[in-house]
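In case you want the letters, here they are:
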Amino acid sequence: MLVGRSAGVVVVLAPAGAVAGVDVRGAPVGTRELDLLDPSTLVERVHAVVLASGGLAPVDGVVRWLAARGHGFPVGPRWHEVVPIVPAAAALGLLGGGDGADDGAAACEAAAEEPVEALALVGETAVGLVVVEAELTRAQCRRVAISARDGFARAGVDVPSTVFAVATGVPAGAAPDELGARAADALERVVLGA
């Protein structure tokens, strides 16, 4: 996965598209485009996921960066235009968060291949993301995100949370339940700094 960071913003880029799911516990404060991850929607792939420590303004920069490079859901006459699908969530109550679209674009520019199992930001709310080495459906990704949320609980994080699961599309041969258990372990480790 391509991962970029800038001023309180973490972007996981999948320009060609990746299957993702989400689990929200408590009030979904500080979120964007989560409904598009529902298995019943037309959109099947996301082009990035953003975790922010502050507001969601940096997401605009990520969307513009992807659109300028032609990455997104095809729309318009003859499908020549694109709309990047970029679900996002913010961990409220953290200092030093990105507060503008430039921070999102800068995170995209800084993105590089990085082996990542999990990412998390914890404040008054918590946001997390797990990367799953598997080929999954959106419904299966959601199940993995639900299981991964246990990592927050085991790490003592008891605030409203949003957890994303992003599948790499590379079959690994593991059952969804096993993937969920691994994802929970990975999220717990990243929160505890292990």
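Everything discussed here concerns the structure shown above.
Predicted, not measured: the structure shown is a model, and the values here were computed from it. Residues take numbers from 1 onward in each chain, read along the sequence in its written order. Thresholds applied to this predicted model are a pLDDT of at least 70 for local features of residues and 80 or more for the giving and counting of side-chain atom pairs; totals over whole chains, interfaces and linings are not thresholded and use all residues. Only hydrogens and water are set aside; all other atoms, that is, all heavy atoms of the structure, feed into the side-chain values.

(A) Summary view of the overall build of the protein chain. A run of DSSP states H or I qualifies as a helix once it reaches four residues; a run of E qualifies as a strand once it reaches two. Both are numbered from the N-terminal end. Across its full length, the protein chain carries four helices and eleven strands. Radius of gyration means the value over C-alpha atoms here, while the globule rule gives 2.2 Å times the residue count to the 0.38 power. Its C-alpha atoms give the protein chain a radius of gyration of 15 Å, within 12% of the compact-globule value 16 Å for 194 residues. Its C-alpha atoms put the protein chain at 50 × 40 × 30 Å along the principal axes. For the exposure calls, accessible area comes from a 1.4 Å probe over protein chains only, and a residue counts as buried if that area is under 20% of its type's maximum, exposed if over 50%, partly exposed in between. By residue count, 46% of the 194 residues in the protein chain fall in the buried class.

(B) View of empty space enclosed by the protein. Using a grid of 1 Å spacing that covers the protein atoms alone, one calls a set of points a cavity when a 1.4 Å probe fits there but cannot get out, and a pocket when the set is open and has protein on both sides within 12 Å along at least five of seven lines; lining residues are those with an atom within 4 Å of a point. Grid points are joined across faces, edges and corners, and a volume is the space filled by probe spheres set on the points. Applying the stated criterion across every chain yields a total of two cavities of 30 Å³ or more. Gly is put with the polar residues, along with every residue not named as nonpolar or charged; the nonpolar set is Ala, Val, Leu, Ile, Met, Phe, Trp, Tyr, Cys and Pro, and the charged set is Asp, Glu, Lys and Arg. A class-by-class count of the residues in the lining of the largest cavity yields eight nonpolar, four polar and one charged. The calculated volume of the second largest cavity comes to roughly 30 Å³. As for the second largest cavity, its lining consists of Ala18, Ala20, Leu36, Leu37, Val43, Glu44, Arg45, Val46 and Arg138. Looking at the lining of the second largest cavity residue by residue, the class counts come to six nonpolar, no polar and three charged.

(C) Spatial organisation of the pairing of strand 9 (residues 118–122). At least two bridges found by DSSP between two strands are what make those strands a pair. Inspection of the sheet shows strand 9 paired to strand 10 (residues 126–132) by five bridges, in the antiparallel sense. Of the residues in strand 10, the one forming a bridge with Val122 is Ala126. Counting the residues that bridge the hairpin from strand 9 to strand 10 gives three residues.

(D) Local environment of the nonpolar core. Within this scheme, the nonpolar core is defined by two criteria: the residues are buried Ala, Val, Leu, Ile, Met, Phe, Trp, Tyr or Cys, and they are joined through side-chain atoms within 4.5 Å. The biggest cluster of nonpolar side chains holds 24 residues, and the ones touching the most others in it are Leu51, Leu119, Leu129 and Phe164. Going through the elements one at a time, strand 2 (9–25), strand 4 (46–52), strand 9, strand 10 and strand 11 (161–167) are the ones with two or more residues in this core. At six residues, strand 2 tops the list of elements feeding residues into this core. By size, the runner-up hydrophobic cluster in this structure holds 21 residues, among which are Ala145, Phe152, Ala165 and Leu187.

(E) Up close: the pattern of salt bridges. A pair is scored as a salt bridge if a Lys or Arg side-chain nitrogen falls within 4 Å of a carboxyl oxygen belonging to Asp or Glu. Applying the stated criterion across every chain yields a total of nine salt bridges. Residue Arg5 is joined to Glu114 by a salt bridge in which the shortest nitrogen-to-oxygen separation is 2.9 Å. Of this pair, Arg5 sits in strand 1 (residues 2–6) while Glu114 is found in the loop between strand 8 (112–113) and strand 9, placing the two residues 109 residues apart along the sequence. The exposure class assigned to Arg5 is partly exposed, which follows from its relative accessible area of 43%. The closest approach of N and O atoms between Glu188 and Arg154, which form a salt bridge, is 3.0 Å. With Glu188 in helix 4 (residues 176–192) and Arg154 in helix 3 (residues 138–154), the pair connects residues that are 34 residues apart, well separated along the chain.

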